Amino acid sequence: MFQKFLGGKTAVVTGSNSGIGLGIAHELARAGADLVLNSFTDAPEDHALAESLAAEHGVKVRYIQADMSKGAECRALIERAGACDILVNNAGIQHVAPIPDFPAEKWDAIIAINLSSAFHTTAAALPLMRQAGWGRVVNIASAHGLTASEYKSAYVAAKHGIVGLTKVTALETAKEPITCNAICPGYVLTPIVEKQIPDQMKTHNLSREDVIAKVMLHRQPSGQFATVEQMGGTAVFLCSPAADQITGTTISVDGGWTAL
């Protein structure tokens, strides 16, 4: 669909050694962008993944370890990247509990990784984008950035915050060739979600098909998972000339969830 129109651009994707982040990295590389992959680990397989993507797509790919719960490391990631034409703020964690029982340390960690990290990386990246004369910030929010569910107070608060940060970033760059938008996925079939299915089958005494339909996707009217490839394609679109005047908004990829 997209040719290598991102050749010469460097994309930094946080939380990108698996799941949505890795799917987005693949599609950006397919469109010609060089990559900086990131997670909090620094294992041989992380660097091997970077080498694999480079070989597959014919672009430069590096892996840089940074803990997204620490603001200084978020900023250092961008500094070590050296260039950041495209910033994809994807890193995130989840915890589920009623508000009175929600561990304070989990709240702090979710806000730090899911929200504050995007502030720090964006603050470090915007000067590089301005120097380059072009930039794209793509924040991975969630359907929970637009609506809510019980027992996900920190996650919902963080994702609503990401949507707000997206709007402010867009307004502050509106006169420049820099845009900022948020993608709001519904349920995406990632390895983490796939691993949850057997446990849900045991918990609810349901078949795989019923767990997916009645437990996981009961709020997703399409009855289908979104895919990491669709997230990547949406991110690539937001980096294309067709999206030059799309800024400060959200794009839902949720099978109709937020239409309810």
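Residues numbered from 1 in each chain as written. Predicted model: local features only at pLDDT ≥ 70, side-chain atom pairs only at ≥ 80, totals over all residues. Heavy atoms only, no water.

Per an unreviewed UniProt entry, the protein goes by the name 3-hydroxybutyrate dehydrogenase and belongs to Paracoccus pantotrophus. Word for word, the UniProt comment on the protein under Sequence similarities (unreviewed entry) is "Belongs to the short-chain dehydrogenases/reductases (SDR) family." (UniProt positions renumbered as here; feature names shortened; annotations may be inferred.)

How should I be thinking about helix α6 (residues 191-204) in this particular structure?
Each α-helix turn comprises 3.6 residues. Residues three or four places apart therefore point the same way. Under the 1.5 Å per step criterion, the end-to-end length of α6 is 21 Å for 14 residues, consistent within 8% with the ideal 20 Å. At Pro198, α6 shows its largest bend, some 30°. Where α6 terminates, the next one or two residues include Asn205, which has phi positive at roughly 55°. (Helix = DSSP H or I, 4+ residues; strand = E, 2+ residues; numbered from the N terminus. Expected span 1.5 Å × (residues − 1). Bend = angle between axes of the 7 residues up to and from the residue.)

Help me understand the packing of aromatic side chains, please; the structure alone is not making it clear to me.
Under the definition given, this model contains two aromatic pairs. Ring centres 6.4 Å apart and planes at 85° place the aromatic pair Tyr187 and Phe225 in the edge-to-face group. With Tyr187 in the loop between β6 (178-185) and α6 and Phe225 in the loop between α7 (208-216) and α8 (228-238), this residue pair connects regions lying 38 residues apart in the sequence. Residue classification places Phe225 among the buried positions, given a relative accessible area of 16%. Relative to Trp257, the ring of Tyr187 lies with its centre 6.4 Å away and its plane at 25°, an arrangement referred to as stacked. Residue Tyr187 is located in the loop between β6 and α6, and its partner Trp257 is located in the segment after β7 (250-253); the two are separated by 70 residues in the primary sequence. (Phe/Tyr/Trp six-rings, centres within 6.5 Å; stacked < 30°, edge-to-face > 60°. Buried < 20%, exposed > 50% of the residue type's maximum accessible area, 1.4 Å probe, protein only.)

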